[in-house]
Amino acid sequence: MCRVLTTQTVCSIIVTRPSLFGRSSFKRPISSTVVSNSSELGSPTANDARQLLLRMNSRPGSVLTTLMQDNGTTTATTISSQSLDKYNIDWTKKYRGQSSLVVRPNSTQEVAAILRYCYEHRLPVVPQGGNTGLVGGSVPLDREIVVSLEKMNTIHNLQDNILQADAGCILQDLQDNACQHRCLVPVDLGAKGTCQIGGNISTNAGGVYYFRYGSLHANCLGLEVVDGTGQILNLSYSPRPHLKDNTGYDLKHLFIGAEGTLGIITKVALWCPPLPTSVGAVWVTCSSLQDVLGILALAKTQYLTEILAAFEFMDHKVLRLVRATHATSVKLPVDIDCEGNHRGNDHAKYSILIETHGSNEEHDQDKLSAFLEHIMERNLVVDGVVAQNVGQVEEFWKVRDICNPSAAATGFVYKYDVSLPVDDFDNFIAEIKSKLNSLPLNTQYTADDLQCVNWGHIIDGNLHCNIVSVGKFDRDPLLTEYVEKCILQAVTKRNGSISAEHGLGQYKNKYMNQIKDRTTLQTMRRMKKLFDPAGIMNPGKYLPNEKEN
Amino acid sequence: MKVLVGVKRVVDYAVKVQVQKGAVNLNNVKMSLNPFCEIAVEEAVRLKEKKAADEVVALSIGPKQCTETLRTALAMGCDRAIHVTTDMRTDYMELQPYAIAKMFQKIVEQENPDLILLGKQGIDSDCGQTGPMLSGFLGVPQVTFASNLEVDGNGITVERETDNGTETIKIPSLPAVITCDLRLNEPRYATLPNIMKAKKKKVDSIKAEDLGVDMTPHNEVVEVFEPPPRKEGVMVGSVDELLDKLRNEAAVIA
Ligand SMILES: Cc1cc2nc3c(=O)[nH]c(=O)nc-3n(C[C@H](O)[C@H](O)[C@H](O)COP(=O)(O)OP(=O)(O)OC[C@H]3O[C@@H](n4cnc5c(N)ncnc54)[C@H](O)[C@@H]3O)c2cc1C
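Residues numbered from 1 in each chain as written. Chains lettered and ligands numbered in written order. Predicted model: local features only at pLDDT ≥ 70, side-chain atom pairs only at ≥ 80, totals over all residues. Heavy atoms only, no water.

Colleague: Sorry, what's going on with the overall build of chain A here?
Modeller: In terms of regular secondary structure, chain A is built from 19 helices and 16 strands. Each of the 549 residues in chain A was classed as buried or not, and the buried ones make up 59%. Carbon and sulfur atoms make up 49% of the accessible area of chain A, which totals about 21000 Å². (Helix = DSSP H or I, 4+ residues; strand = E, 2+ residues; numbered from the N terminus. Buried < 20%, exposed > 50% of the residue type's maximum accessible area, 1.4 Å probe, protein only. Areas by Shrake-Rupley, 256 points an atom, 1.4 Å probe, with all protein chains shown as cover.)

Colleague: Looking at this model, I keep getting lost on the interface of chain A and chain B. Mind explaining?
Modeller: By a frequent convention, interface size equals the accessible area lost on bringing the separate parts together. If you look at the interface, chain A gives 27 residues, while chain B gives 23 residues. For the pair chain A and chain B, the summed buried area comes to about 2300 Å², and 53% of that belongs to carbon and sulfur atoms. Three residues stand out in chain A for area buried against chain B, namely K331(A), M376(A) and Q388(A), and they jointly supply 22% of the buried area on that side. Along the contact surface separating chain A from chain B lie three salt bridges. (Contact = heavy atoms within 4.5 Å. Buried area = accessible area lost by both parts, 1.4 Å probe. Salt bridge = Lys/Arg side-chain N within 4 Å of Asp/Glu carboxyl O.)

Colleague: Any chance you could explain the site of the ligand here in plain terms?
Modeller: All names here are of chain A. In the vicinity of the ligand there are 35 residues, among which P127, G130, N131, T132 and G133 approach most closely. In this structure, an oxygen atom belonging to the ligand sits 2.8 Å away from a main-chain N or O atom of N131. The contact in question runs from an oxygen atom of the ligand to an N or O atom on the side chain of N538, over 3.2 Å. Burial of the ligand by the protein chains amounts to 98% of its free accessible area of 970 Å². Under a 2 Å grid-point criterion requiring more than half of the atoms, the pocket assigned to the ligand is the largest cavity. For the shell around the ligand, the secondary structure elements donating two or more residues are β3 (125-128), α7 (197-203) and β9 (263-271). The element contributing the most residues to the shell around the ligand is α7, with five residues. Across the shell around the ligand, the residue classes tally to 11 nonpolar, 22 polar and two charged. (Near = heavy atom within 4 Å. Polar contact = N/O pair within 3.5 Å; in protein donor to acceptor, adjacent residues only side chain to side chain. 1 Å grid on protein atoms, 1.4 Å probe; cavity = no way out; pocket = protein on both sides within 12 Å on 5 of 7 lines; lining within 4 Å. Sits in = over half its atoms within 2 Å of the grid points. Nonpolar A, V, L, I, M, F, W, Y, C, P; charged D, E, K, R; others polar.)

Colleague: What is the right way to look at the environment of A324(A) in this model?
Modeller: Residues and elements named next belong to chain A. Counting through the fold element by element, A324 comes out in helix α12 (residues 316-325). Judged by relative accessible area, A324 falls into the exposed class, the value being 64%. When the C-alpha positions of A324 and G198 are compared, they lie 34 Å apart, and in sequence the two are 126 residues distant.

Colleague: What exactly am I supposed to notice about the pattern of salt bridges here?
Modeller: Evaluation of the coordinates by the stated rule reveals 35 salt bridges over all chains. Here E373(A) ties to K199(B) by a salt bridge, and the two come within 2.7 Å at their closest N and O atoms. Of this pair, E373(A) sits in helix α13 (residues 361-377) while K199(B) sits in helix α5 (residues 192-199), placing the two residues on different chains. Given the relative accessible area of 34%, K199(B) is considered partly exposed. Taking the shortest distance from any N to any O, the salt bridge between D181(B) and K120(B) comes out at 3.2 Å. Residue D181(B) is located in the loop between β12 (176-180) and β13 (190-191), and its partner K120(B) is located in the loop between β8 (115-119) and α4 (130-138); the two are separated by 61 residues in the primary sequence. Neither D181(B) nor K120(B) differs from the other in exposure class; each is buried.

Colleague: What am I meant to see in empty space enclosed by the protein here?
Modeller: To find leftover empty space, one rolls a probe the size of a water molecule over the atoms. Residues and elements named next belong to chain A. For the coordinates displayed, the defined rule picks out 13 cavities of 30 Å³ or more. Estimates place the volume of the largest cavity at around 820 Å³. Around the largest cavity sit 45 residues that line it, and T132, G133, L134, C195 and T203 are the ones nearest its centre. For the lining of the largest cavity, the secondary-structure elements that each account for two or more residues are β3, α7, β9, α14 (390-401) and α15 (403-410). Ranked by residue count, the leading element in the lining of the largest cavity is α7, at five residues. Broken down by class, the residue content of the lining of the largest cavity amounts to 15 nonpolar, 25 polar and five charged. Put simply, the second largest cavity is a space of about 360 Å³. (Points joined across faces, edges and corners; volume = space filled by probe spheres on them.)

Colleague: How should the domain arrangement of chain A be read in this particular structure?
Modeller: All names here are of chain A. For chain A, the assigned domains read domain 1 (155-271), domain 2 (278-398) and domain 3 (405-492). When each unit is reduced to the centre of its C-alpha atoms, the spacing between domain 1 and domain 2 is 31 Å. Each partner contributes to the roughly 650 Å² buried at the junction of domain 1 and domain 2, and carbon and sulfur atoms together form 54% of this total. Looking only at domain 1, the three residues that lose the most surface to domain 2 are V208, F211 and R212, adding up to 71% of its buried area. Counting the contacts that link domain 1 with domain 2 gives six residue pairs in polar contact (both at pLDDT 80 or more). When its residues are assigned to classes, the side of domain 1 that touches domain 2 shows five nonpolar, no polar and one charged. (Domains from an automatic or database assignment.)

Colleague: Quick question: what am I supposed to make of unusual backbone geometry here?
Modeller: Residues and elements named next belong to chain A. Cis geometry marks the peptide bond from S238 to P239; its omega dihedral reads 5°. Relative to the elements of secondary structure, P239 occurs in the loop between β8 (232-235) and α10 (252-255). Backbone geometry at K93 places phi at a positive 60°, although glycine is not the residue there. Secondary-structure assignment places K93 in the loop between α4 (85-88) and β2 (101-103). Given a relative accessible area of 10%, K93 falls into the buried group.

Colleague: I keep staring at the sheet that holds β9(A) and nothing clicks. Help me out?
Modeller: Adjacent strands of a sheet pair through backbone hydrogen bonds, lying either parallel or antiparallel. Residue and element names in this part refer to chain A. Taken in spatial order, the five strands line up as β5-β6-β9-β7-β8 in an open sheet, and their pairing is antiparallel. Either end of the sheet is taken by a strand with one partner, and the two such strands are β5 (155-159) and β8. Going across the sheet, the axis of each strand differs from the next one's by a mean of 15°, ignoring polarity. Looking at chain direction, β5 and strand β6 (residues 162-166) are connected through four bridges and run antiparallel. Paired with N157 across the strands is Q164, a residue of β6. Each of β7 (220-227), β8 and β9 touches helix α5 (residues 108-120); the most contacted strand, β7, lies at about 40° to it. (Pairing = 2+ DSSP bridges. Axes fitted to C-alpha atoms, helices over the stretch in contact; angles between N-to-C directions.)

Colleague: Just checking my understanding: could you explain the sheet that holds strand β15 (residues 450-456) of chain A for this structure?
Modeller: Here eight strands make up an open sheet; going across it, the order is β14(A)-β16(A)-β15(A)-β11(A)-β12(A)-β10(A)-β13(A)-β13(B) and the pairing antiparallel. Each of the sheet's edge strands pairs with one partner strand only, and the pair in question is β14 (411-419) of chain A together with β13 of chain B. Pairing between strand β11 (residues 308-315) of chain A and strand β12 (residues 350-358) of chain A: seven bridges, direction antiparallel. When the bridges of β12(A) are listed, F311(A) appears paired with I354(A).

If you want it as C-alpha cells, here you go:
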C-alpha cells in the first residue's frame, strides 16, 4: 500500500567502496586541541572501559573496546580495532575517528549511567545512530567514546496516531510497523533502511514528505533524553504524549536538530497521520528548470494542492550515474536521452517525481489527470510515465533514492545541501559550473575531471548540489577549499542557507561564525552549557571553535 | 490476427490483505491490474508491434471501476476494450472461474479472435482455471504457463514452464488459448501520451446478465482466514551460536 514497504539496503552500498581517508588532523592527540570548549577532557582508559562494562551489568557485547586485555573471565568485549571501523567511519567515508571504546546500552538507565560516569570523569562522548549522517557528526574526531543506540530498538506503542519508540529504532522498521496500523511515519528518506529515528530527530531530517507533513519540530510530540550530566529529562514523553501541550518551555525542540551536542535522545513520540489509501505517482521529464518550476507551481497551487505529497527533481547527469552504477538493480522509468516531441530538438534534461496522497482514488485520479493534461498542453513536459500500481510507485522511488549512492560510487563527492529561492536554482547551478571551469591552477583536477550533478527536494527550496571527481575517491584539500568558498559565496549572496537539512557536524560548523551574529552564537553556547556543563557531548562539532569567534 | 486479452482487477499485490466478515476486505483498498494479465497485455501489444496481430481487444469482467483497469491496458497499447459489468465479487466469493470462462466464451463467439491471451492466474484467488476451462468450452487448443511465444506460420510455438524445466509446444493452427507466466516479458510503463490517447479509445459495456450465463457459484467457500503470523526470528550473537542452533535445534547440519 505504501511505499515504505521497500527494502533499502544502504549498508550494502557502504561496503563496496574503496576506503579513503587520512585527514592528518584526525590523528591529533586528544585532550589538547579536539575539544574546543573544555580543554580538560581526557581519553578513556582500560579502567574506564571496565567501569562502563560494570554499569552495563557486564552484559556481553555491551562494551566493545581495544583498551582491555580480555582475561577470558568476563565477556568477549575485547575486539580488534578493525571491528570498531563500523563506529569510527561514517557513511560518506570522509570522516574517520580513532575511538577505542564503544558502549551499546539497552535502556535509558544505562544511558544515564554512562553519561553520569563520563560527566564525572570528563570523558568526551559521541552519540551514534545509524551513522548515515552526511556531515561527520556521528563519528569521533579523535578518541571520544561512542555511545551507539543500536540495541535500543523497541517499539512501545502506537495508539491514536501517536507512535512511541526507542531512539535506536530503524526508520524503516517504524514505517513498516505504522503501515500495519494504517498510519504513516511522516518522515522518509533514502537512508531509511539504516538510519534511526533518534538520528533523524537529532539532525531534524527533512526528507521527501517535509512539504506535505511538516518538519520533525511539528511531528515530534515528546522526547525522553539524558543530558550531559546523566540526568533523565521527560520532555512531554510520558505518561502520555499529547498533540497539544502548552506547559512550560518546550525543551524538546532544543534537542531536535541538536546533533547530539546537548545529550542523548532515548525515546521518541511521533505523530503519525492516517495512512493514505490512495497513492499515485508520476515521473515526467522536462527540457529546462524553468519548465520544472512551471510544473511545480501548477501542482502546488492549482491542480494537485491538497493531494500533493512529494515533488523531487533530478538532473539527467545524476540519472546517467545511476544508470552507469546500478544498471542491473534499477530501471529508469523514462528514456533520459530522449528528444522532446513538443519542442523540436530540445532534450530532456531534468526528471521530476511527483507523489500524491489521498483517501479517494477516483478523486485523486481525476485531479492528476487534469493536471497532466494541462502540463502537456502547455508543452512543459517532454515525456512521462504514470504508475499503474504500487510496485511501479516503488520502482520510481528506488531510482530517486539511489541518486546519493550512485554519486558516491562514481568518485569523491563534494556534497552541498542548500536552501535557495527556487527561482535561483538555475543561476546558482550555472554559477557553480562556471566556477568549475576556472579552477585554481594548484588543484590536481581540470573541469573535465569533475561532474556537477544536482537533485533535491525542490518543493522545499532544497537543492543537493554535488561535485563528483570521477574515478578519484580521495578528497582534494585545495579543491575543497575552492569549492566551499564558491558555494558559501553563491549561497549567502542569494540569502540562502548552507545547510538545509543535513546539519553542521564537523563539516559546516566552521561557517557558523560567518552566518550567525556573535550574540546569537553566544546564546547558543550558554544554552549548551545548561545541558552539558562539562562540554562532553559531541565536542568540536555543531558550534564553531570558540577561539575562532 | 486478432487478439483478445483478459484484464482482471484485483487487490494490488503490494497490499497486505485483511479478512473481515469471512472475506478479504475490499473497502478502500488499492486495486490494480492483475500482474499476470499485465504480462498478457504486454505480450499482445508486442505481437501488434511485430505486425503479427492487427487488433488487440481487452476484456474485463467486474464493477464499474474496471474501466480504470481497462484504461491501463489501453494505455499500454490495446486498441479497444469490452467491459462486462457486474457487481458480484470476482475473487471466487461470488463469480467463479466456471462462470467467468462461460462469459469469455460468449464474447469470443461475438468477437472471433484468433488468439486469447490470459494471465496464468488471478493473484486474488490463485485458481488458474479460467484459461483451461475456456479452451474446453471453445474446443480449442490451450497452453498454460507460457514463458515464450513465437508466431510461426499459421500457428504459434510456445515455451511453457513446468516443474522439470521448459516444454516447447507447437500449436499448428489458431484459435487457441494461452495463459501467461511471469518470465514471458517485462511489462512497459504507461506513458503520458499513451494515457491521453487511451482516453479516446472505445470501451463497450455489456451487462453480465445480458450474456445469458448461469452466474451462480458452483463451489462453496467454507472459510477465509489470514495466514498465521510468521514466527519472529532470533538474532544470534556469534557464528558459533549459529552453528550450535543449526546443529542442535534445527538439526539441519551434522
Ligand atoms: C542515502 C542517504 C540519503 C539521505 N537523505 C536525506 C534526506 O532526504 N533528508 C535529510 O534530512 N537527510 C538525509 N540524509 C542524511 C540524514 O541526516 C541521515 O540519514 C539521518 O537523519 C541520520 O540518522 P542516523 O541514525 O544515521 O544518525 P547518525 O548519522 O548516527 O547521527 C547523526 C547525528 O545525530 C546524533 N545522534 C544520533 N542519534 C542520536 C541520539 N539518539 N541522541 C542524540 N544524538 C544522536 C549524532 O551524534 C550525529 O551528530 C541522507 C543520508 C543518506 C546516507
